[in-house]
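Spelled out from the first residue to the last, the chains are:
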Amino acid sequence: MDPQKRVFRNGGLVVEADRIKAIGQSAEIFHEFSAIAGELVDLNGRILLPGFVNTHVHTSQQLARGIADDVDLLTWLHERIWPYESNMTEEDSYISTLLCGIELIRSGVTCFAEAGGQHVSGMARAVELLGLRACLTQSTMDSGQGLPDHWGVHSTDYCIQSQKELYRKHHETADGRIRIWFGIRQIMNATDRLLLETRDAAKELNTGIHMHVAEIPYENQLVMDTQGVDHGTVTYLEKIELLQSNLLAAHSVWVNKSEIGFLSKAGVKVSHCPAAAMKMLGFAPVKEMLDAGICVSLGTDGAPSNNRMSIGLS
Ligand SMILES: [Zn+2]
């Protein structure tokens, strides 16, 4: 993980407390540190890798594994996932995040980007205990179709204020392992005001934005019909200057050539979730995005979109 991308055959590693103190050839490391080592672990025949970063996880959805198989995205959201999420308590979110985190650790993940749930304080409590690093995000929706009646639509002011409060409360906590980002669930449930104020608030606090982008053709069509742009979500986000280097655009499946250019020019990061893509969305033009210099990372998405948290089998 250094600029030279060094690989050590017969390597050795010294860990002090929770930090890597030294890394190098096993013989040299042994010579220098064995006299003061508290514990020696023989990893002969093993491979030590840096931790994986899972860039799109819904920790709150861990308890919902299997509740929404074999349906299209809108049925998945409106009839399965939102009724589930809207009934969660903070304690549910805590337990769900614990369970999700255990599975992430088991598959070698040490850091993840939360895609957005309701109870960030519950997530933060779990992450503190798990020892993972995380960029936590509240899911915000201030308009649009499909929200359960008892949930209602939050005001734009509430969406922004509650996230600023979460930032004040949790950002850089757990020894700096937790960061708070802003979240936009998706454009179909966001007013222009929410999009713009999220853009400005994230800039003001110098933090990231996590958003589901261009997931299905219907989304692009809706944006074209309502906003008068000639393609979909990415074209509109470019128009309102939301495409910036602090944006993590999840999925980004339905993007055309010029939109790939917009993402690249703005330095937007894309989280590619292959399992969720094949289950529900369609496959993103990953090669074209990489060729355009876009930073494309891997995500698993939540348990009901994938059924496992393995980044190696994402
Ligand atoms: Zn997602």
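Everything numeric in this text was worked out from a predicted model, so none of it was measured.

**Side note on the UniProt feature "domain: Amidohydrolase-related" (unreviewed entry) in the chain**
And step 1. Mapped onto the present numbering, the UniProt feature "domain: Amidohydrolase-related" (unreviewed entry) falls at residues 47–310.
And step 2. As a span, residues 47–310 carries 44% helix and 17% strand, and end to end its C-alpha atoms are 18 Å apart.

**With respect to the coordination of the zinc ion**
And step 1. Protein coordination of the zinc ion is provided by His56 (NE2), His58 (NE2), His212 (NE2) and Asp301 (OD), with donor distances spanning 2.1 to 2.8 Å.
And step 2. Viewed at the metal, the four donor atoms of the zinc ion are separated by angles of 85 to 174 degrees, and the geometry they form is irregular.
And step 3. Spacing between the donor residues of the zinc ion along the chain follows H-x1-H-x153-H-x88-D. Taken as a pair, His58 in the loop between strand 3 (52–57) and helix 2 (73–85) and Asp301 in the loop between strand 10 (295–298) and helix 12 (303–306) lie far apart in primary sequence, 243 residues in all. Each member of the pair, His58 as well as Asp301, is classed as buried.

**Considerations on the domain arrangement of the chain**
And step 1. Domain assignment breaks the chain into domain 1 (1–48) and domain 2 (52–306).
And step 2. The centre of domain 1, based on its C-alpha atoms, is set 37 Å off from the matching centre of domain 2.

**Structural notes on the pattern of salt bridges**
And step 1. A full pass over the atoms with the stated rule returns eleven salt bridges.
And step 2. Taking the shortest distance from any N to any O, the salt bridge between Glu91 and Arg125 comes out at 3.0 Å. Here Arg125 lies in helix 4 (residues 120–130) and Glu91 lies in helix 3 (residues 90–106), a separation of 34 residues in the sequence.
And step 3. Overall, the relative accessible area of 40% leaves Glu91 in the partly exposed class.
And step 4. Taking the relative accessible area as the measure of exposure, Arg125 reaches 38% and is therefore partly exposed.
And step 5. With its nearest N and O atoms 4.0 Å apart, the salt bridge here joins Lys164 to Glu204. Of the two residues, Lys164 is situated in helix 5 (residues 156–170) and Glu204 in helix 6 (residues 192–204); the sequence distance between them amounts to 40 residues.
And step 6. Residues participating in the shared-partner salt-bridge network are Asp157, Arg193 and Glu197.

**What to know about the packing of aromatic side chains**
Aromatic ring pairs are described here by two measures, namely the spacing of the ring centres and the angle between the planes.
And step 1. Scanning the entire structure with this criterion turns up one aromatic pair.
And step 2. Over the ring of Tyr94 we find Arg125, and its NZ or CZ is 4.0 Å from the ring centre.

**Some details on the packing of helix 4 against helix 5**
Between two packed helices, both the angle of their axes relative to each other and the distance between the axes serve to describe the pair.
And step 1. Across the interface, helix 4 lies against helix 5 with an axial gap of 11 Å and an inter-helix angle of 20 degrees. Our classification of the angle between helix 4 and helix 5 gives roughly parallel. In the crossing of helix 4 with helix 5, the sense of the turn from one axis to the other is right-handed. Taken together, the residues of helix 5 that come into contact with helix 4 (itself represented by Val120, Ser121 and Ala124) are Leu166, Lys169 and His170.

**Comments concerning the sheet that holds strand 9 (residues 269–272)**
And step 1. The strand order 3-4-5-6-7-8-9-10 describes an open sheet built from eight strands, whose pairing is parallel. The outermost strands of the open sheet, each flanked by one partner alone, are strand 3 and strand 10. Strand after strand, the sheet turns through a mean of 25 degrees between neighbouring axes, direction not considered.
And step 2. Direction of pairing for strand 3 relative to strand 4 (residues 109–114): parallel, over a ladder of four bridges. When the bridges of strand 4 are listed, Asn54 appears paired with Phe112.

**Quick word on the nonpolar core**
For soluble globular proteins, the rule of thumb is that nonpolar side chains tend to be buried together.
And step 1. Ranked by internal contacts, the top residues of the largest apolar core, which has 48 residues, are Trp76, Ile187, Leu195, Met211, Leu237 and Leu263.
And step 2. With five residues, the single largest contributor to this core is helix 2.
And step 3. Look past the residues within four positions of Leu263 in its chain and what remains in contact with it is Val234, Leu243, Val255, Val268, Val270 and Ile294.
And step 4. In terms of nonpolar packing, the next biggest core, distinct from the first, is built from 23 residues, Cys100, Leu130, Leu132 and Ala134 among them.

**A word on the environment of Asp200**
And step 1. Summarising the element assignment, Asp200 is placed in helix 6.
And step 2. Residues Asp200 and Ser162 lie 38 residues apart in sequence; the distance between their C-alpha atoms is 15 Å.

Calculation criteria
- Residues numbered from 1 in each chain as written.
- Predicted model: local features only at pLDDT ≥ 70, side-chain atom pairs only at ≥ 80, totals over all residues.
- Heavy atoms only, no water.
- UniProt positions renumbered as here; feature names shortened; annotations may be inferred.
- Helix = DSSP H or I, 4+ residues; strand = E, 2+ residues; numbered from the N terminus.
- Donors = N, O, S within 2.8 Å, 3.2 Å for Na, K, Ca; no water.
- Tetrahedral: all angles 85-135°; square planar, octahedral: opposite > 155°, others 65-115°.
- Buried < 20%, exposed > 50% of the residue type's maximum accessible area, 1.4 Å probe, protein only.
- Domains from an automatic or database assignment.
- Salt bridge = Lys/Arg side-chain N within 4 Å of Asp/Glu carboxyl O.
- Phe/Tyr/Trp six-rings, centres within 6.5 Å; stacked < 30°, edge-to-face > 60°.
- Lys NZ or Arg CZ within 6 Å of the ring centre and 35° of its normal.
- Axes fitted to C-alpha atoms, helices over the stretch in contact; angles between N-to-C directions.
- Parallel < 35°, antiparallel > 145°, perpendicular 65-115°, else oblique.
- Left-handed = near helix turned anticlockwise from the far one by under 90°.
- Contact = heavy atoms within 4.5 Å.
- Pairing = 2+ DSSP bridges.
- Core = buried A, V, L, I, M, F, W, Y, C linked by side-chain atoms within 4.5 Å.

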